[in-house]
Amino acid sequence: MITSETPWIVVGPKRHVGTAVREVWEARGVVRALVRREISSRYRGSVFGFAWAVFKPLMQLVLFSVVIGKFLGASKSIEDYSIFIFVSLMVWGFFSECISGGATSITSSAALITKVSFPREILPLSRVIIGGYNFLVQIPVLIIGFAIAGIWPPISNVVLIIPIAFAAILFALSAALILSAINVYARDTQHLVEVLLMLFLYLSPIMYSWTFVWNAVQERFGSELFFKIYMLNPISSIVIEFQDLLWGGDRFYSDGSIASDLIGTGTLTYWGLPIFGLIGFYFAYRLFLRLEPNFAREL
Amino acid sequence: MPNKILRVEGVSQRFDYRRARTIQDRFTRAKVEADSFWALEQVSFDLEAGKSLALLGANGSGKSTLLKVVGGIYRPTTGNVYRKGRLGALLELGAGFHPELTGRENIYLNGSILGLSKKSINTIFDDIVDFSGISQFIDSPVKTYSSGMYVRLGFAVAVHVDPDLLLVDEVLAVGDEAFQNQCLKKVRVLQSEGRSIVLVTHSMDNAIAFTQESVLLKHGQVVYAGPTEVAAGKYHQIVNESAITNSNTVSPITGKIVNSDSSNTLQHKVSADVNIDFAFNAIQESLELSLNVEIWTSDGYRIVNSVQKLLIHSIAQSHSGTITLRNLVLGEGEYRLALRLMNTSDDSLVAVNESVGFIAIPRSASNSGLIPVEVSIGNLEG
């Protein structure tokens, strides 16, 4: 029953990041409902159900390690290429799913936005959680891969993954927040995103090692500038860290360099990723909250 | 200290006319259409817990926008809305269902948005489905639902989530009569439990039946906030005044029921004469007008419409007179008296006064209804 002691709920012109985070926490039941619904509906009506979640990346692994590894010869310069490409594709798959799903997360839920009130950032957030879930279900496949290849990353590396995974989530969430909000005002965004994702699959060190780019840039231009531009893409840094920690372990590339040589290239370093991720997330969230008040009207 | 459930403070809402949806649009036509208008301007009112409120106004007056601001769908451009407790809302058609999800999934999603745990949704799930009467479709995607089914399920969810404040926008007009009655009954139950309802409606009947307070809006501004009966009279005035196309014919018409009390009400016996003084100025000469005397019931039916011819010869002269309704016979209740001046040459409305006064007939034990009839039973056997 309502008494004069019941706390007021305030709807004002704008939310601040602090209050918004609290409101999302209070509405975590909505996040849970959205994520659960999405995951349970994905393989509904299919005979093999959940097996598809593992089968798809497994096929991708076979395809890439045969076509690029054997036919194009990448496995000659990258040891255990199938592990390398699987780790890279897991990380890439996470970003690509969060970014493309995130971009349309607001516009595809117009029916909810125009009728009920809840923190709108829950929609891009739940896309990122679903992306994370799909990343996690591939881990058993990766472990089988480790067993077949007979290489295991040191436990310390697995622990070191945590800050990098945290940074990956922050970058993906920032991108989803910004793109979902902009897409409300300019629907071109979602198409632009598809094109850019196609482009960045090749502009990030997914199928090849970053050392190829490093060497090529050094040879042709004798300068690190172009490499630094290449590394401005945070996906690159994160993919490299994942490769370094899960595939690389303490081993060397075939050209004698090790992955952590990146530190010597003057680009983003290990601890820089979560810190930069947090700063980026703060500004992305602020931009989202600035654009959010007109969502219901624009849809 | 009165116990408020809703406080709206200086809320203004600006809408931008920007239909640019693609980058191409943005470059080619952005400048032309970058314009804005204020859908709400400095709207303030509050509502005591346990009371209900109607938002009234003509089309485009901003009442639905205001309801959406109260419901948190739109954020106000300036000002704040303060509310307490759980909110149930049924805005326009459907209660915010995801078209791809089944009815069942939507109940859970909606429940969680309204702040219910999965467990508490489980306990009310059957009641919701029963109330909606669409149990055989509950596992079909809601995009396959008819508009009636949509509203049924939406209303069922909104009233079963234990709302402290229920927002309802016109939806009671959808659905068949049986379902409407079911809804209205449920609304009564909620009210008797001390919950508050904010209603947007064009039906003064519903407004008076379900709310004590009203906020009357015109062009996004509050023109009246107070008891619903009074607001309803002013609503008629606003809506009908907007039908006056040529205001250069006569001045507004004033009227008063002779012998009415301070609240403009005549305490009437079942049958008696009613006298009305009226006055207006003519701005044009040689007018052929008709004066309509109308009596409306409180639930919005016109039961008397008497048309009298008036010939006006001179300009700017105060025209006045007395209308007598001889031996007016009315059943118990409250009636509203309205006057209209029509120009008979083109049949246009030139002046209107929607609340000349009220006529109240005291309640009697044996006779309700519009027409008092003396009934006696004879030859009673057995």
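Residues numbered from 1 in each chain as written. Chains lettered and ligands numbered in written order. Predicted model: local features only at pLDDT ≥ 70, side-chain atom pairs only at ≥ 80, totals over all residues. Heavy atoms only, no water.

Asker: Whenever I open this one, the packing of aromatic side chains confuses me. Can you help?
Answerer: A ring pair, where both rings are aromatic, is described by two values, the distance of the centres and the angle of the planes. For the coordinates displayed, the defined rule picks out 24 aromatic pairs over all chains. With a centroid separation of 5.0 Å and an interplanar angle of 75°, the aromatic rings of Trp214(A) and Phe227(A) are classed as edge-to-face. Of this pair, Trp214(A) sits in helix 11 (residues 210–221) while Phe227(A) sits in helix 12 (residues 225–230), and the two are 13 residues apart along the sequence. Of the two residues, Trp214(A) and Phe227(A), neither departs from the other in class, the shared state being buried. Clustering of aromatic rings is evident, with ring pairs tying together Phe94(A), Phe95(A), Phe135(A) and Phe242(A). Over the face of the ring belonging to Phe15(B) we find Arg297(A), whose NZ or CZ atom lies 3.8 Å from the ring centre. Over the face of the ring belonging to Trp8(A) we find Lys84(B), whose NZ or CZ atom lies 4.6 Å from the ring centre. (Phe/Tyr/Trp six-rings, centres within 6.5 Å; stacked < 30°, edge-to-face > 60°. Helix = DSSP H or I, 4+ residues; strand = E, 2+ residues; numbered from the N terminus. Buried < 20%, exposed > 50% of the residue type's maximum accessible area, 1.4 Å probe, protein only. Lys NZ or Arg CZ within 6 Å of the ring centre and 35° of its normal.)

Asker: How should the UniProt feature "transmembrane region" (unreviewed entry) in chain A be read in this particular structure?
Answerer: Residues and elements named next belong to chain A. The UniProt feature table records "transmembrane region" (unreviewed entry) at residues 47–69, 81–107, 128–152, 158–184, 196–217 and 270–289. Between the end C-alpha atoms of residues 128–152 there is a gap of 28 Å, over a span that is 80% helix and 0% strand. In the segment residues 196–217, helix accounts for 73% and strand for 0%; the C-alpha atoms at its two ends are 23 Å apart. (UniProt positions renumbered as here; feature names shortened; annotations may be inferred.)

Asker: Quick question: what am I supposed to make of the pattern of salt bridges here?
Answerer: Oppositely charged side chains can pair when the atoms bearing their charge come close. Applying the stated criterion across every chain, the model contains 17 salt bridges over all chains. Here Glu26(A) makes a salt bridge to Arg22(A), at a shortest N to O gap of 3.7 Å. Within this pair, Glu26(A) and its partner Arg22(A) are both found in helix 1 (residues 17–26), separated by four residues, close to a single helical turn. Looking at Glu26(A), the relative accessible area reads 54%, which means it is exposed. Accessibility expressed as a relative area gives 47% for Arg22(A), which makes it partly exposed. Glu193(B) serves as the salt-bridge partner of Arg195(B), at 2.8 Å between the closest nitrogen and oxygen. (Salt bridge = Lys/Arg side-chain N within 4 Å of Asp/Glu carboxyl O.)

Asker: Is there a simple way to think about the sheet that holds strand 10 (residues 254–257) of chain B in this case?
Answerer: Adjacent strands of a sheet form backbone hydrogen bonds with each other and so pair up, either parallel or antiparallel. Residue and element names in this part refer to chain B. Spatial ordering of the open sheet is given by 10-12-15, a layout of three strands whose pairing is antiparallel. At either end of the open sheet lies a strand with only one pairing partner, and these are strand 10 and strand 15 (318–329). Taking the axes of each pair of neighbouring strands and ignoring which way they run, one obtains an average angle of 20° across the sheet. Here strand 10 runs beside strand 12 (residues 271–281); their pairing, made up of four bridges, is antiparallel. Bridge assignment links Gly-255 to a residue of strand 12, and that residue is Phe-278. (Pairing = 2+ DSSP bridges. Axes fitted to C-alpha atoms, helices over the stretch in contact; angles between N-to-C directions.)

Asker: Is there a simple way to think about the packing of helix 3 (residues 51–71) of chain A against helix 5 (residues 81–103) of chain A in this case?
Answerer: If you want to describe how two helices pack, look at the angle between their axes and the distance between the axes. Residues and elements named next belong to chain A. Where helix 3 meets helix 5, the axes come as close as 9 Å, and the angle between the chain directions of the two elements is 130°. Considered as vectors, helix 3 and helix 5 are oriented oblique to each other. Relative to helix 5, helix 3 is oriented so that their crossing is right-handed. Between helix 3, through Pro-57, Gln-60, Leu-61, Phe-64, Ser-65, Ile-68 and Gly-69, and helix 5, the contact on the second element is made entirely by Tyr-81, Ser-82, Ile-85, Phe-86 and Leu-89. A breakdown of the residues in the contact of helix 3 with helix 5 according to their chemical character gives eight nonpolar, four polar and no charged. (Parallel < 35°, antiparallel > 145°, perpendicular 65-115°, else oblique. Left-handed = near helix turned anticlockwise from the far one by under 90°. Contact = heavy atoms within 4.5 Å. Nonpolar A, V, L, I, M, F, W, Y, C, P; charged D, E, K, R; others polar.)

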